[in-house]
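A closer look at the structure
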Amino acid sequence: MTTAEAVIAAMQQHGIDTLYALPGVQNDLLFEAAFKAGDKLRTVHSRHEQGAAYMALGAALATGKPQTYAVVPGPGLLNSSAALLTAYSMNAPVLALIGQIPDADIGRDLGHLHEIRDQAGIIARLVDHSALIRKPEQAARLTANAIRAMATGRPGPAALECAIDVWGRQGQVALEPPRPLPAVKIDEDAIRRAAKRLGAAKRPLIVCGAGAQDASAEVTELSKMLQAPVLGYRRGRGVLDSRDPLSVTLPLGRELWGEADVVLGVGSRMLIQFRQWGIDKDLAVIRVDADAQEPGRLHRPAVALIGDAKPMLRRLIDVLGMHNAKRPSRRSEMQERQGAWRSRLEQALAPQLGYLDAIRADLPEDGIFVDEVTQIGFVARLALPVYRPRTFISPGYQDNLGWGYATSLGVQDARRDVPVISISGDGGFMFTANEIATAVRHRIPLTAVVFADGAFGNVRRIQQERFGNRLIASDLANPNFVKFAESFGAAAERARSPEELRGALRRGFARRDGPTVIEVPVGAFPSPWPFIFMPPIRGAKA
Ligand SMILES: Cc1ncc(C[n+]2csc(CCOP(=O)(O)OP(=O)(O)O)c2C)c(N)n1
Ligand SMILES: [Mg+2]
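Residues numbered from 1 in each chain as written. Chains lettered and ligands numbered in written order. Predicted model: local features only at pLDDT ≥ 70, side-chain atom pairs only at ≥ 80, totals over all residues. Heavy atoms only, no water.

1. Observations concerning the packing of aromatic side chains
For clarity, the threshold we go by: For Phe, Tyr and Trp, where Trp contributes only its six-membered ring, two rings pair if their centres lie within 6.5 Å, and the inter-plane angle classes them as stacked under 30 degrees, edge-to-face over 60, or tilted in between. Runs of H or I in DSSP of at least four residues are treated as helices and runs of E of at least two as strands, each being numbered from the N terminus. The buried label applies to any residue whose accessible area, calculated with a 1.4 Å probe on protein chains only, is under 20% of its type's maximum; exposed applies above 50%, and partly exposed to all values in between. Criterion for a charge above a ring: Lys NZ or Arg CZ within 6 Å of the ring centre, and within 35 degrees of the ring normal.
Under the counting rule described, the total for this entry stands at ten aromatic pairs. With a centroid separation of 5.8 Å and an interplanar angle of 70°, the aromatic rings of Phe429 and Phe481 are classed as edge-to-face. Of this pair, Phe429 sits in helix H16 (residues 426-429) while Phe481 sits in helix H19 (residues 481-488), and the two are 52 residues apart along the sequence. Among the residues examined, Phe481 registers a relative accessible area of 1% and is labelled buried. Ring pairing ties together the aromatic residues Trp257, Phe274 and Trp277, which thus form one cluster. Across the ring face of Phe392, the terminal group of Arg237 is positioned such that the distance to the ring centre comes to 5.5 Å. Lying across the ring of Trp341, Arg344 places its NZ or CZ 3.9 Å from the centre.

2. Section: the coordination of the magnesium ion (ligand 2)
Heads up, the condition is: The rule for donors is simple: N, O or S, within 2.8 Å of the metal, or within 3.2 Å if the metal is Na, K or Ca. Water isn't counted, so a site may look like it is missing partners.
Protein-derived ligands of the magnesium ion (ligand 2) are Asp426 (OD), Asp453 (OD) and Ala455 (O), with the metal-ligand distances lying across 2.1 to 2.2 Å. All donors of the magnesium ion (ligand 2) belong to a single chain; written as a sequence motif, their spacing is D-x26-D-x1-A. Of this pair, Asp426 sits in helix H16 while Asp453 sits in the loop between strand S16 (447-452) and helix H18 (457-466), placing them 27 residues apart in sequence. Each member of the pair, Asp426 as well as Asp453, carries the same accessibility label: buried.

3. Section: the packing of helix H13 (residues 331-362) against helix H20 (residues 498-510)
Operational definition: Fitting a line to C-alpha atoms yields each axis, with helices limited to the stretch in contact; the angle taken between N-to-C directions then spans 0 to 180 degrees. Geometric relationships in this document are graded by angle, where less than 35 degrees denotes roughly parallel, more than 145 denotes roughly antiparallel, 65 to 115 denotes roughly perpendicular, and other angles denote oblique. The handedness criterion is simple: a crossing whose near helix is rotated anticlockwise from the far helix by less than a right angle is left-handed, and one whose near helix is rotated clockwise is right-handed. In this description, contact between two residues means that some pair of their heavy atoms is separated by no more than 4.5 Å. Residues are grouped as follows: Ala, Val, Leu, Ile, Met, Phe, Trp, Tyr, Cys and Pro are nonpolar; Asp, Glu, Lys and Arg are charged; all remaining types, including Gly, are polar.
Packing of H13 against H20 leaves a shortest axis separation of 9 Å and a crossing angle of 30°. What the angle tells us is that H13 and H20 run roughly parallel. Here H13 and H20 pass one another in a crossing that is right-handed. Contacts between H13 and H20 involve Gly354, Tyr355, Ala358, Ile359, Ala361 and Asp362 on the former and, on the latter, Pro498, Leu501, Arg502, Leu505, Arg506 and Phe509. The residue makeup of the contact of H13 with H20, split by class, is eight nonpolar, one polar and three charged.

4. Let's talk about H13
To keep things clear, this is the line we draw: Any helix carries an expected span of 1.5 Å times its number of residues minus one. Bend is the name given here to the angle between axes fitted to two runs of seven residues, the run ending at a residue and the run starting at it.
Taking 1.5 Å as the rise per residue, H13 with 32 residues should run 46 Å; its terminal C-alpha atoms sit only 27 Å apart, a clear shortfall. Within H13, the axis deviates most sharply at Leu349, by approximately 105°, and proline Pro351 lies no more than four positions further along.

5. Remarks on the layout of surface pockets
To locate leftover empty space, one rolls a probe as large as a water molecule over the atoms. Selection criterion: Whether a set of points on the 1 Å grid over the protein atoms alone is a cavity depends on a 1.4 Å probe fitting there but being unable to get out, while an open set qualifies as a pocket with protein on both sides within 12 Å along at least five of seven lines; lining residues are those with an atom within 4 Å of a point. Grid points are joined across faces, edges and corners, and a volume is the space filled by probe spheres set on the points.
Considered as a void within the structure, the second largest pocket measures approximately 450 Å³ in volume. Lining the second largest pocket are 26 residues, and of these Ser242, Ser247, Gln338, Leu382 and Ala383 lie nearest its centre. Put simply, the parts of the chain that give the lining of the second largest pocket at least two residues each are strand S8 (230-232), strand S9 (247-248), H13 and helix H14 (375-383). In terms of residue count, the dominant contributor to the lining of the second largest pocket is H13 (five residues). Here the residues of the lining of the second largest pocket are counted per class, giving 14 nonpolar, eight polar and four charged.

6. A short note on the sheet that holds strand S7 (residues 204-208)
In plain terms, the rule: In this scheme, strands are said to pair when DSSP sees at least two bridges between them.
Pairing in this open sheet of six strands is parallel, and the strands run S9-S8-S7-S10-S11-S12 from one edge to the other. Among the strands making up the open sheet, the edge pair consists of S9 and strand S12 (303-306). Taken together, the four bridges between strand S11 (residues 284-289) and S12 define a ladder with parallel strand orientation. Residue pairing in the sheet places Asp289 in a bridge with Ile306 of S12. Helix H8 (residues 188-200) rests against strand S10 (262-266), S11 and S12 of the sheet, and its axis sits at about 130° to S12.

7. Topic: the environment of Asp453
Worth spelling out the cut-off: Definition of a polar contact: a pair of N or O atoms within 3.5 Å, with one able to donate and the other able to accept a hydrogen when the atoms are protein atoms, and with sequence-neighbouring residues admitted only if both atoms are side-chain atoms.
Its relative accessible area of 15% is what places Asp453 among the buried residues. Residues Asp453 and Asp475 lie 22 residues apart in sequence; the distance between their C-alpha atoms is 9.1 Å. Not counting residues up to four positions away in its chain, the partners in contact with Asp453 are Asp426, Arg460, Val522 and Gly523. In terms of polar contacts, Asp453 uses its side chain to reach the backbone amide nitrogen of Ala455, at 3.1 Å.

Here you go:
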């Protein structure tokens, strides 16, 4: 086998069947191996390396499974780097295969095509696990190690470099079956302490982050046992079905934080809670996290349970059964409080809510919403009902403008069985609008909605409100998005109201052989920020 064939064989052994990629001479022999893999490996090529990397990220977020992208070194790597950074911050298992100049010349600064100083060092700052493949005999093992590292502890991306003259080298390759991940070690004493605290809590609250996405059943059961509201914002949405009155977002979550005596944080950094809302000695915090470093970063927890949320919460549920107090239902109280906040949101943010209601009405229960850094997105994080895990995909703390369209293509490519909606502003959409060509080429049936206000609207509003209307660098000259999308061969239409959007979405979701772009011309939206950046509600900031 060649090095490239060994990498692909190892990927296949680990269930990876798609390579998102943009080719170039350093990786020609990798693509030759991908060609030879035939039906066993789909190669989905993009029009810019950021597109390939965001697609791998989207596929990883939609499935929770490892995904791969391949790019040339130097500019190829750097073009993909914002997506790789986002994969790191989102703990997403994305494996980057990155080309290199001739093996013997790495580090010599000779001026080879795409040479970049210390590529390995740059990569090592972006991901926790990386390696350079130097011969075919190492290739399968290094690939397996990288894929394993992506799923071990706090998940995250990994990268493998391989030189132009190494991909094609032949050698004896021993393919080993994937090793099972180490079983989660459960600290029974810590579980007991957590169960006692929670069992005796008067007003418990559960805070979910992305690390809870695969523990939806357990969080739902705990919520019921404890009558504890479950707060999910951005990446924690959908863990508890929004139709459950105990499922809350901001700003009601902040009120509940202010009242709580015990909080169970599951797979969340809890930065908003500790840094914005405050903490005091009357609130005991229990953390469940795959990363042993995380729970103590901002505040010393009463109990830290280190390991994957699902097995950890399963055990906690078992033990809680022996310690839990009898509890009256909080259903009607929560229904009432949800209703009160909904009316306040409706008073302040009606234009955004109108569009979100239209989207929710036509997006099926298992359809996937991909968020962007745009006005509709900010309100979606607060108010779009989400019914299932992994159906609300939001960029997390990077909040990097322009991630949405290409990431959504990866989501839709990996989940062709459900409709996916991508929302963007006119600013963010143009970061990767070139990838409409990829959607057409690979018949990806994504429906994308572009809210066009002719501005980096968020920036403009800040300049209006805080800088005396001194507008700079925030107005946009837009294409006609309908004609633009049509010129690629995509279906496109314009919708001027929530009602028109509903019709357009229905047509988009029904079209399963190619992409749809819907332009929604809009004016300035009211500010959502008073509901997001809220003042402290207890104690001091951690
Ligand atoms: C990579 C990156 N660059 C810049 C920003 C700063 N930023 C935040 S929102 C925004 C404007 C968004 O404009 P648009 O996509 O049109 O959405 P709108 O606010 O108009 O709805 C900018 C420039 C960012 N979040 N990420
Ligand atoms: Mg805009």
